[in-house]
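Next come the chains, spelled out residue by residue.
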Amino acid sequence: MNARSRILLIAEDDEDDYLLAKDAFAAHFPMGEMRRVADGEELLDYLRRRGRFANAARPAIILLDLNMPKMDGREALRAIKSDPELAGIPVVALTGSSAQEDVLFAYANGVNSFIRKPVGFAEFVDFMKVCYQYNLDFVQTPKAAR
């Protein structure tokens, strides 16, 4: 295993969607670790190592729901991509929306991929395999993002 983080950070307020993603992830990546935040404020606290996240490890990838309470994923995406310390972390918008304005917004604000949430366990497993392996094994990220 290389020195890159094996942490997948999911920003997801829906417990069922999180559990589905967690089970799909655990089924295929026992050497990886999934961590969760429930809204955009927690996401930024985690990434900036504030409060209870003071010792948080940098994630290899962020799965970001666009529709969350407090600070939504759109605001969080803007904050991440405008921060030089965080901008290199790959962000995948994983959302229930397929609205063209959400797709356009996400790409205009630096998202690496926009994916509509898979609906079943098998689809989530397929998504996790491709997404996590692609971002850990194939994508080169800046050292500051590691």
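Residues numbered from 1 in each chain as written. Predicted model: local features only at pLDDT ≥ 70, side-chain atom pairs only at ≥ 80, totals over all residues. Heavy atoms only, no water.

1. Some details on the sheet that holds strand β2 (residues 33-37)
The condition is simple: Being paired, for any two strands, means DSSP has found at least two bridges between them. Each helix is a run of DSSP H or I of at least 4 residues and each strand a run of E of at least 2, with the numbering of both proceeding from the N terminus. The axes are straight lines fitted to the C-alpha atoms, using for helices just the contacting stretch, and the angles between their N-to-C directions are given from 0 to 180°. Any pair of residues with heavy atoms lying within 4.5 Å of one another is described as a contacting pair.
The parallel open sheet is built from 5 strands, whose spatial order is β2-β1-β3-β4-β5. Only two strands of the sheet have a single neighbouring strand rather than two, namely β2 and β5 (113-116). Averaged over all neighbouring strand pairs, the angle between strand axes comes to 20 degrees, with direction disregarded. Relative to the sheet, helix α1 (residues 15-28) contacts β1 (7-11) and β2, its axis offset from that of β2 by approximately 170 degrees.

2. Considerations on the pattern of salt bridges
Where we set the bar: Just to be clear on terms, a salt bridge is a Lys or Arg side-chain nitrogen sitting within 4 Å of an Asp or Glu carboxyl oxygen. Throughout this description, buried means an accessible area under 20% of the type-specific maximum (1.4 Å probe, protein chains only), exposed means over 50%, and partly exposed covers the range between.
Counted under the stated rule, the structure contains 8 salt bridges. A salt bridge links D39 to K70; its shortest N-O distance comes to 3.9 Å. Residue D39 is located in the loop between β2 and α2 (40-47), and its partner K70 is located in the loop between β3 (61-64) and α3 (73-81); the two are separated by 31 residues in the primary sequence. For D39, a relative accessible area of 4% gives the class buried.

3. A few points about α2
Owing to its 3.6 residues per turn, the α-helix aligns residues three or four sequence positions apart on the same side. This is how it is decided: Arc, as used here, means the arc of the directions from the helix axis to the C-beta atoms. What qualifies as a polar contact is a pair of N or O atoms within 3.5 Å, subject to a donor-acceptor requirement within protein and to the restriction that residues adjacent in sequence count only when both atoms come from side chains.
Those residues of α2 that fall on the buried side of the exposure criterion are G40, L43, L44, Y46 and L47. One side of α2 holds all its buried residues, which, seen down the axis, span an arc of 155 degrees. Residues of α2 that are buried in the fold lie against β1, β2, β3 and α3. Between the side-chain oxygen at the start of α2 and the backbone nitrogen of E41 there is a gap of 2.9 Å, and the oxygen is on D39. R49 sits one or two residues past α2 and shows a positive phi near 55 degrees.

4. Here we look at the pairing of β1
Counting buried residues along β1, 5 of its 5 residues qualify, which places the element largely inside the surrounding structure. Alternating positions in β1 separate into two faces, I7, L9 and A11 on one and L8 and I10 on the other, with burial throughout. Here β1 pairs with β2 via 5 bridges, running parallel. Looking at the pairing, I7 lines up with E33 of β2.

5. What to know about the pairing of β3
Sheet faces and side chains relate simply in a regular strand, where the side chains alternate between the two faces. Let me state the cut-off plainly: Seen with its strands pointing away from the viewer, a crossover is right-handed if its path from the first strand over the helix to the second goes clockwise.
Burial of β3 is two-sided: the residues I61 and L63 facing one way and the residues I62 and L64 facing the other way are all buried. As judged from the 4 bridges shared by β1 and β3, these two strands associate in the parallel manner. Within the sheet, the bridge partner assigned to I10 lies in β3 and is L63. With 3 bridges joining them, β3 and strand β4 (residues 91-95) adopt parallel strand pairing. Opposite I62, over in β4, you have V91 as the bridge partner. For the segment spanning β3, α3 and β4, crossover handedness is right-handed.

6. Brief notes about the packing of α2 against α3
Convention followed: Each angle receives one of four descriptions, namely roughly parallel if under 35 degrees, roughly antiparallel if over 145, roughly perpendicular if within 65 to 115, and oblique otherwise. A clockwise turn of the near helix away from the far one marks a right-handed crossing, whereas an anticlockwise turn of less than a right angle marks a left-handed crossing.
Running from N to C, α2 and α3 point in directions that differ by 20 degrees, and their axes come no closer than 9 Å. In terms of axis orientation, α2 runs roughly parallel to α3. When you trace α2 past α3, the crossing you get is right-handed. Residue-level inspection shows G40, L43, L44 and L47 of α2 in contact with α3, the latter providing A76, A79 and I80.

7. Some details on the nonpolar core
Basically, it comes down to this: Here, nonpolar core means buried Ala, Val, Leu, Ile, Met, Phe, Trp, Tyr and Cys residues that are tied together by side-chain atoms lying within 4.5 Å of each other.
Residues L43, Y46, L47, I62, L64 and I80 are the most contacted members of the largest nonpolar core, which totals 28 residues. Those elements that provide at least two residues to this core are β1, α2, β3, α3, β4 and α4 (100-108). Contact partners of Y46, with chain neighbours within four places excluded, come to I7, L9, R35, V37, F53, A56, A57 and P59. Among the nonpolar cores identified, the runner-up in size contains 12 residues, and I10, M34, V92 and F127 belong to it.

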